[in-house]
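Per-entry structural report
Residues per chain, in single letters:
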Amino acid sequence: MITINAYLGVDIGSISTKAVIIDEENNIIASDYIWTKANPIHAVKTLIENLEKQIQNKDIKIKGIGTTGSARKLIGVMLNANVVKNEITAHAIGTLSLHPDVRTIFEIGGQDSKIILIEDGIVVDYAMNTLCAAGTGAFLSSQAQRLGMNVEDFGPIALTSKNPTKIAARCTVFAESDLVHKAQMGYKKEDIIAGLCQSVVNNYLNNVGKGKKIISPIIFQGGVSKNIGVKKAFEQEVGENVIVDENGHLMGALGVAILSKSTPLKSEFTFKIMEADFDTKGIECKGCSNHCEIICVRKNQKLIDSWGNRCNKGALK
Amino acid sequence: MKNIKIGIPKALLYFKYKELWHLFFQKLGCQIIISSDTNKEILENGIKFSPDEACMALKIYMGHIHFLQNKCDYILVPRLACLKKDEILCTNFSALYDLIKNTFPTNIIHYNVDVKHNKTEEMAFIKMGKTLGFSKKESQLAYYYAKSRADLNKIKMLDEQKKLLQQKNLKILLAGHPYNLYDQFIGEPIQKLLKENNITLIFSDIYEENDLNEQVKTITKTNYWTYNKEIIAAIVQYEKHIDGIILLTSFPCGPDSLSNEMILRKIKIPIINLILDEADSNTGLITRIESFIDILEERRKRNEERTND
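The model shown is predicted, which means the values in this text are computed figures rather than measured ones.

1. Looking at a positive patch on the surface
Residue and element names in this part refer to chain B. Residues Lys 217, Lys 221, Lys 266 and Lys 268 make up a contiguous surface patch of positive charge. Within the element layout of this structure, Lys 268 appears in the loop between α11 (254–266) and β10 (271–276). Lys 268 gets classed as exposed once you look at its relative accessible area, which sits at 70%.

2. Points about the sheet that holds strand β3 (residues 74–76) of chain B
Residues and elements named next belong to chain B. Strand order in the open sheet formed by four strands is β2-β1-β3-β5, with parallel pairing between adjacent strands. The open sheet terminates on both sides in strands that have one partner only, identified here as β2 (31–34) and β5 (108–109). Where β3 and β5 come together, two bridges link them in parallel fashion. Across the sheet, residue Leu 76 finds its bridge partner in β5, namely Ile 109. Helix α3 (residues 56–68) rests against β1 (5–8), β2 and β3 of the sheet, and its axis sits at about 160 degrees to β3.

3. Focus on the domain arrangement of chain A
By convention, interface size is frequently given as the accessible area that disappears when the constituent parts associate. Residues and elements named next belong to chain A. If you check the domain split of chain A, you get domain 1 (3–93 + 253–275), domain 2 (101–244) and domain 3 (279–314). When each unit is reduced to the centre of its C-alpha atoms, the spacing between domain 1 and domain 3 is 25 Å. Each partner contributes to the interface: domain 1 provides four residues, whereas domain 3 provides six residues. Sorting the residues of domain 1 by area buried against domain 3 places Lys 73, Leu 74 and Val 77 first, and these three jointly supply 71% of that buried surface. At the boundary of domain 1 with domain 3, the tally comes to zero salt bridges. In the side of domain 1 that touches domain 3, the residues fall into three nonpolar, no polar and one charged.

4. Looking at the packing of aromatic side chains
All names here are of chain B. Within this structure, the stated rule accounts for 18 aromatic pairs over all chains. Ring geometry for Phe 24 and Phe 25: centres 5.3 Å apart, planes at 75 degrees, overall edge-to-face. Each of the two residues, Phe 24 as well as Phe 25, counts as buried. Members of the aromatic cluster, each reached through a chain of ring pairs, are Phe 24, Phe 25, Tyr 111, Phe 125, Tyr 143 and Tyr 144.

5. Observations concerning helix α2 (residues 72–79) of chain A
All names here are of chain A. When you tally the buried positions in α2, you get six out of eight residues, the bulk of the element. Restricting attention to buried positions, one finds in α2 the residues Arg 72, Leu 74, Ile 75, Gly 76, Met 78 and Leu 79. Two residues or fewer past α2, Asn 80 is found with a positive phi of approximately 55 degrees.

6. Digging into the side chain of B:Asn39
In this fold, B:Asn39 is placed in the loop between β2 and α2 (40–49). Looking at B:Asn39, the relative accessible area reads 13%, which means it is buried. Separated by 3.1 Å, the side chain of B:Asn39 and the backbone nitrogen of B:Glu41 make a polar contact. Sequence-distant contacts of B:Asn39, that is, excluding residues within four places in its chain, are made with A:Ser289, A:Asn290 and B:Phe185.

7. Some details on the sheet that holds strand β13 (residues 302–307) of chain A
All names here are of chain A. If you walk across this open sheet you meet the three strands as β11-β12-β13, and the pairing is antiparallel. Looking at which strands have only one partner, the edges of the open sheet turn out to be β11 (278–284) and β13. Here the average twist between neighbouring strands, direction ignored, is 25 degrees. Set on the sheet, α2 makes contact with β11, β12 (293–299) and β13; between it and β13 the angle comes to about 150 degrees.

8. With respect to the packing of helix α5 (residues 121–131) of chain B against helix α6 (residues 136–164) of chain B
Residues and elements named next belong to chain B. Between α5 and α6, the shortest axis-to-axis distance is 8 Å and the interhelical angle comes to 130 degrees. Overall, the two elements α5 and α6 adopt an arrangement that is oblique. Between α5 and α6 lies a crossing whose hand is right-handed. Counted together, Glu 121, Glu 122, Phe 125, Ile 126, Gly 129 and Lys 130 of α5 and Lys 136, Ser 139, Gln 140, Tyr 143, Tyr 144 and Lys 147 of α6 form the full contact between these two elements. Grouping the amino acids of the contact of α5 with α6 by side-chain chemistry returns four nonpolar, three polar and five charged.

9. Comments concerning the interface of chain A and chain B
The partner chain B presents 24 residues to the 22 residues of chain A that form the contact. For the pair chain A and chain B, the two sides together bury roughly 2,000 Å², of which 48% comes from carbon and sulfur. Sorting the residues of chain A by area buried against chain B places A:Ile122, A:Tyr126 and A:Arg310 first, and these three jointly supply 31% of that buried surface. Between B:Glu290 and A:Arg72 there is a salt bridge, with its nearest N and O atoms 3.4 Å apart. Inspection of the chain A/chain B interface yields eight residue pairs in polar contact (both at pLDDT 80 or more). Counting only elements with at least two residues in the side of chain A that touches chain B, the list comes to α3 (87–98) and β8 (122–128) of chain A. For the side of chain A that touches chain B, the element with the highest residue contribution is β8(A), accounting for six residues. Classifying every residue of the side of chain A that touches chain B by side-chain character gives seven nonpolar, nine polar and six charged.

Cut-offs and rules
Residues numbered from 1 in each chain as written. Chains lettered and ligands numbered in written order. Predicted model: local features only at pLDDT ≥ 70, side-chain atom pairs only at ≥ 80, totals over all residues. Heavy atoms only, no water. Patch = residues over 30% accessible without salt bridge, like charges linked within 9 Å, V, L, I, M, F, W, Y side chains within 5 Å. Areas by Shrake-Rupley, 256 points an atom, 1.4 Å probe, with all protein chains shown as cover. Salt bridge = Lys/Arg side-chain N within 4 Å of Asp/Glu carboxyl O. Lys, Arg positive; Asp, Glu negative; His and termini not counted. Charge placed at Lys NZ, Arg CZ, Asp CG, Glu CD. Helix = DSSP H or I, 4+ residues; strand = E, 2+ residues; numbered from the N terminus. Buried < 20%, exposed > 50% of the residue type's maximum accessible area, 1.4 Å probe, protein only. Pairing = 2+ DSSP bridges. Contact = heavy atoms within 4.5 Å. Axes fitted to C-alpha atoms, helices over the stretch in contact; angles between N-to-C directions. Domains from an automatic or database assignment. Buried area = accessible area lost by both parts, 1.4 Å probe. Nonpolar A, V, L, I, M, F, W, Y, C, P; charged D, E, K, R; others polar. Phe/Tyr/Trp six-rings, centres within 6.5 Å; stacked < 30°, edge-to-face > 60°. Polar contact = N/O pair within 3.5 Å; in protein donor to acceptor, adjacent residues only side chain to side chain. Parallel < 35°, antiparallel > 145°, perpendicular 65-115°, else oblique. Left-handed = near helix turned anticlockwise from the far one by under 90°.

In structure tokens, the structure reads:
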């Protein structure tokens with residue numbers, strides 16, 4: 001059996017954790033996707049176990065590891081990654097590997113939303129939601145709960161609406177009270193759901209998309225892209241075809257895996273690493289009145305890294 | 001000789017006038033006490049004593065006044081309304097004196113500049129000296145001394161910054177009010193992050209004063225905020241010599257919200273606007289800055305490839 005050189009990419013978001021293993025030609029050999037459940041360390045362990053099962057019949061050597069997403073630093077230390085990259089660059093590189101002609105990436109995740117503008121295969125501009133999480137996946141999930149439904153059913157139901165209800169879209173708090181009000185007035189459920197999908201789109205375009213020139217091809221990613229109602233609402237609002245890739249959720253992981261290919265690995269990776277016991281501990285530095293919260297990462301009870309200190313007084317390592 | 005202790009809050013206008021103030025009071029033989037760098041305690045006290053609508057920079061200032069209480073004879077709180085005819089400053093700077101006086105039971109020494117009403121800086125400093133018991137002559141000499149030295153220092157800093165423009169690595173202009181750029185809580189963490197990424201930093205408060213109005217007009221014809229005009233002029237001056245601009249604002253800043261919009265529309269090189277508030281987490285900030293640096297690096301690589309072809 002020939003040994004395949006492979007690269008592992010892990011994208012640890014607030015809601016879900018995604019990972020891929022690719023070969024030298026960027027083909028996805030294994031991939032998986034699970035909920036983070038506010039425990040990134042555990043999520044990554046489970047995920048890597050799943051990946052190991054997928055490749056157990058092949059002779060694969062991991063030559064590079066990349067991490068991205070909001071827990072990229074923590075997991076980067078844990079996996080001894082050679083690349084730790086922000087999610088904007090990672091998503092752009094992942095998407096470009098499959099859609100080299102893409103000009104605009106819409107991304108709506110669990111907690112945040114982004115827009116990435118690409119010209120000639122490089123990122124030229126981007127925006128992220130700043131002070132407000134309105135119109136993200138978390139908002140849709142909580143509204144689904146309020147309506148007593150599964151958020152997964154939102155898309156197909158929204159498509160059946162002929163007359164979407166207008167829902168105030170500027171702010172989640174107002175959108176929510178507006179939604180309750182409309183429900184009590186007797187609007188149909190499908191109309192309200194279609195209205196919600198539209199409000200997500202309006203909010204996105206008025207917030208992160210404000211002042212940005214949206215040029216097709218447009219690719220829509222992140223958990224919310226699985227909602228066909230939101231996709232349709234985007235197409236209506238922008239007046240262009242919006243592409244949702246079935247592997248759209250893996251783009252960040254794919255991007256860092258590709259990035260890790262061009263950087264040599266610091267030390268050998270074996271799947272055994274997952275047997276080690278990792279934990280984190282937050283301590284408050286008493287060095288000055290800043291009271292920095294320092295995060296310590298420990299492997300088998302031994303401190304391997306720490307961060308969060310503003311100055312050297314809080315340096316533990 | 002009387003030994004007067006003057007407390008100077010290390011916030012807001014300090015970063016603009018520190019040389020002038022230092023040298024003036026030093027020349028008069030006063031002792032100067034500067035509040036410490038902004039820390040969490042100062043910020044928290046500032047929030048406690050500020051109106052809800054105050055911007056983060058003003059909240060920090062209030063914290064510094066709280067810090068200086070009982071540590072000096074007077075705290076310096078200037079009132080700046082108008083520095084140039086047909087221009088104004090943010091109302092916070094004209095309200096500062098009254099705001100502090102009505103919030104803290106402390107001795108304030110102030111000076112009042114309002115050019116529109118013929119109150120110049122020189123007159124203001126003489127009057128301030130008089131309050132402290134110095135003669136007109138003494139104060140005037142101290143002011144001339146301080147002013148000329150401070151101006152010389154500005155020229156020196158400009159020369160040094162111009163040299164930095166020759167550097168080969170990525171250069172980013174950090175644009176914004178000095179009290180944002182240099183504050184330990186607002187600008188400092190950003191500066192640190194950029195330096196760790198091997199970026200040469202250019203600052204918008206160091207700029208050429210000639211042709212300022214002409215330069216501002218290329219971006220906006222209607223801006224009448226003196227400090228914002230300075231930021232815009234700096235951006236115009238450096239635009240062609242740098243790779244990108246980070247526009248730093250503290251939330252919620254009225255003048256910035258208008259002038260930033262014009263800057264973002266007119267500037268052709270990569271630019272991001274970072275708006276900081278008192279929220280503690282900087283995770284989003286790091287992601288933004290890192291991806292901005294990635295963009296600049298990719299652009300440069302692409303441009304080099306093109307020139308080689």
